[in-house]
Amino acid sequence: MLHAEIPLRSPIKPVKRTINGVLLLDKPYGISSNKAVQIVKRVFSAAKCGHTGTLDPMATGLLPLCLGEATKFSSVLLGANKAYEATLRLGFLSTTGDAEGEITQLVPQAGNPTLPQCEQVLQRFIGKTMQVPPMYSALKHQGKPLYVYARNGKNIERPAREIVIHDIQIKSLIGNELQLSIHCGTGTYIRTLAEDIGSALGCGSAYLTQLRRTAIDRFDLSQAQVLSTLEDMNAHEQDAYLLPIDCLLQEFLAVILDEQAALHIVQGQIVASPSDIHHMPEGNTVRLYDHQQQFLGLGEVTSEQKIAAKRMLASSQLLKAAV
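Predicted, not measured: the structure shown is a model, and the values here were computed from it.

> Sorry if this is basic, but what is going on with the nonpolar core here?
A general tendency of soluble globular proteins is for nonpolar side chains to be buried together. Ranked by internal contacts, the top residues of the largest apolar core, which has 46 residues, are Val40, Phe44, Leu67, Leu88, Ile190 and Ile197. Of all the elements, helix α1 (residues 33-43) adds the most residues to this core, at 5 residues. Among residues more than four places away in sequence, those in contact with valine 40 are Leu23, Leu25, Cys49, Leu65, Leu67 and Leu227.

> Would you explain the environment of histidine 291 in this entry?
With respect to the helices and strands, the residue histidine 291 is situated in the loop between β16 (285-289) and β17 (295-301). Residues histidine 291 and phenylalanine 44, spaced 247 residues apart in sequence, show a C-alpha to C-alpha distance of 31 Å. Each residue touching histidine 291, except ones within four places of it in the same chain, is listed here: Ile256, Leu257 and Glu259.

> Sorry if this is basic, but what is going on with the side chain of threonine 60 here?
Relative to the helices and strands, threonine 60 is located in strand β3 (residues 60-67). Threonine 60 sits in the buried class, given a relative accessible area of 16%.

> Would you explain the sheet that holds strand β15 (residues 271-272) in this entry?
Adjacent strands of a sheet form backbone hydrogen bonds with each other and so pair up, either parallel or antiparallel. The 5 strands lie next to each other as β14-β16-β17-β18-β15, forming an open sheet whose pairing is mixed. Each end of this open sheet is capped by a strand with a single partner; those strands are β14 (253-256) and β15. Bridge count between β16 and β17: 5 bridges; the pairing is antiparallel. Residue pairing for β17: tyrosine 289 is matched across the bridge by phenylalanine 295. Along the sheet, helix α7 (residues 259-266) makes contact with β15, β16, β17 and β18 (306-312), crossing β18 at roughly 55°.

> Explain the state of the cysteines here, please?
Linking two cysteines covalently through their sulfur atoms gives a disulfide. Here the structure, examined in full by the defined rule, presents 0 disulfides. Considering cysteine sulfurs only, cysteine 203 is the nearest to cysteine 118, which forms no disulfide, with 7.4 Å between them. With a relative accessible area of 0%, cysteine 118 lands in the buried category. There is no disulfide at cysteine 184, and the cysteine sulfur nearest it, in cysteine 118, is 19 Å away. Assessed through its relative accessible area of 1%, cysteine 184 is described here as buried.

> Whenever I open this one, the pattern of salt bridges confuses me. Can you help?
Side chains carrying opposite charge are able to pair once their charged atoms draw close together. This structure, assessed with the given rule, holds 7 salt bridges. The shortest N-O distance in the salt bridge between arginine 17 and aspartate 239 comes to 2.8 Å. Note that arginine 17 is positioned in the segment before β1 (21-27) and aspartate 239 in helix α6 (residues 235-239), a separation of 222 residues in sequence. In this structure, glutamate 85 engages lysine 171 in a salt bridge whose closest nitrogen and oxygen atoms are separated by 2.9 Å. Taken together, the residues glutamate 85 in strand β4 (residues 82-90) and lysine 171 in strand β10 (residues 161-174) connect sequence positions 86 residues apart.

> Sorry, what's going on with α1 here?
Counting along an α-helix, one turn takes 3.6 residues, and residues three or four places apart therefore face a common direction. Residues of α1 that are buried: Ser33, Ala36, Val37, Ile39, Val40 and Val43. Across the axial projection of α1, the buried residues extend over an arc of 165°, all falling on one side. Turned more than 90 degrees off the buried face of α1, the exposed positions are Asn34 and Arg42. On its buried face, α1 sits against β1, β2 (49-51), β3, α5 (227-231) and α6. Directly beyond the C-terminal end of α1, a positive phi value near 50° is found at serine 45.

> Hey, could you run me through the environment of glutamate 102 in this one?
Summarising the element assignment, glutamate 102 is placed in the loop between β5 (92-94) and β6 (103-105). Between the C-alpha atom of glutamate 102 and that of glutamine 210, which follows or precedes it by 108 residues, the distance is 16 Å. Leaving out residues up to four positions away in the same chain, glutamate 102 has contacts with Leu93, Ser94 and Thr95.

> Would you mind going over the pairing of β4 with me for this structure?
Residues in a regular strand project their side chains so that they alternate between the two faces of the sheet. Among the 9 residues of β4, 7 are classified as buried, and the element is accordingly described as predominantly covered. Summarising the sheet, β4 and strand β11 (residues 177-184) pair through 8 bridges and their orientation is antiparallel. Residue pairing across strands places glutamate 85 opposite serine 181, the latter belonging to β11.

About the cut-offs
- Residues numbered from 1 in each chain as written.
- Predicted model: local features only at pLDDT ≥ 70, side-chain atom pairs only at ≥ 80, totals over all residues.
- Heavy atoms only, no water.
- Core = buried A, V, L, I, M, F, W, Y, C linked by side-chain atoms within 4.5 Å.
- Buried < 20%, exposed > 50% of the residue type's maximum accessible area, 1.4 Å probe, protein only.
- Helix = DSSP H or I, 4+ residues; strand = E, 2+ residues; numbered from the N terminus.
- Contact = heavy atoms within 4.5 Å.
- Pairing = 2+ DSSP bridges.
- Axes fitted to C-alpha atoms, helices over the stretch in contact; angles between N-to-C directions.
- Disulfide = S-S within 2.5 Å.
- Salt bridge = Lys/Arg side-chain N within 4 Å of Asp/Glu carboxyl O.
- Arc of directions from axis to C-beta.

What follows is the structure, given as structure tokens:
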């Protein structure tokens with residue numbers, strides 16, 4: 001007797017949760033920022049997750065991740081100030097600027113620099129300076145990241161860009177290993193800064209053996225969670241570590257709308273601004289809340305001193321919450 005062949009069932013896909021918030025992650029060594037996003041997305045069973053700016057695989061430390069509706073505001077931290085702890089190996093050159101490249105020992109002009117020499121030289125880097133981005137970076141040239149060209153042995157001319165170094169402090173100097181605490185503005189490549197410092201110290205160059213991001217804007221590592229801990233938690237425990245979406249937007253003035261105005265702006269209508277923000281410059285961005293202090297999104301002041309929606313949370317979610 002012939003038996004009908006039973007079709008194989010396709011694997012059951014895990015149910016994705018609609019979850020919104022910001023996770024401050026302490027990214028481990030050896031994984032890319034995109035890999036960290038995929039892991040967190042799986043751990044939280046989140047429908048959507050994204051990062052606010054990358055960390056190299058060899059770097060560790062603070063990586064804010066946006067889940068759900070928070071991804072709409074992930075670009076806000078791209079221009080924020082950042083802080084790092086970096087360890088430089090003086091007198092060596094790396095093809096990538098860090099420990100993952102091919103390392104060449106250089107012949108320095110003198111021996112290892114002294115602490116006073118380092119302190120004096122580092123002062124030259126404080127303030128606004130020009131920096132040439134490294135070839136091993138995600139900057140695009142003709143639609144391709146520079147690191148693609150670098151891996152193929154090609155060098156692309158890169159114009160220098162202005163960066164700001166707010167502060168550099170020496171944590172230790174042991175032999176040719178210099179450990180620094182760096183507070184800098186956006187767009188600063190610490191690998192390139194390490195090379196420039198090594199050159200200025202008369203060591204020929206230097207490369208990063210360790211890099212740890214300790215702060216971004218108002219967030220620091222004391223608030224961050226590690227992947228292994230999150231993986232051992234249930235969903236309720238994980239969610240407790242999510243920060244509200246508007247934690248990313250504290251630089252903007254908060255505006256509270258009455259019930260009718262909140263409903264109208266969620267529906268895309270321009271609304272009258274409360275009296276306390278009259279005479280704000282046209283184009284100013286504001287944080288919008290309803291009368292129950294629920295965050296609605298970002299608005300923009302119009303030339304008529306009204307408020308237009310700029311980037312709002314999903315209206316279906318807001319209307320549901322209002323019922």
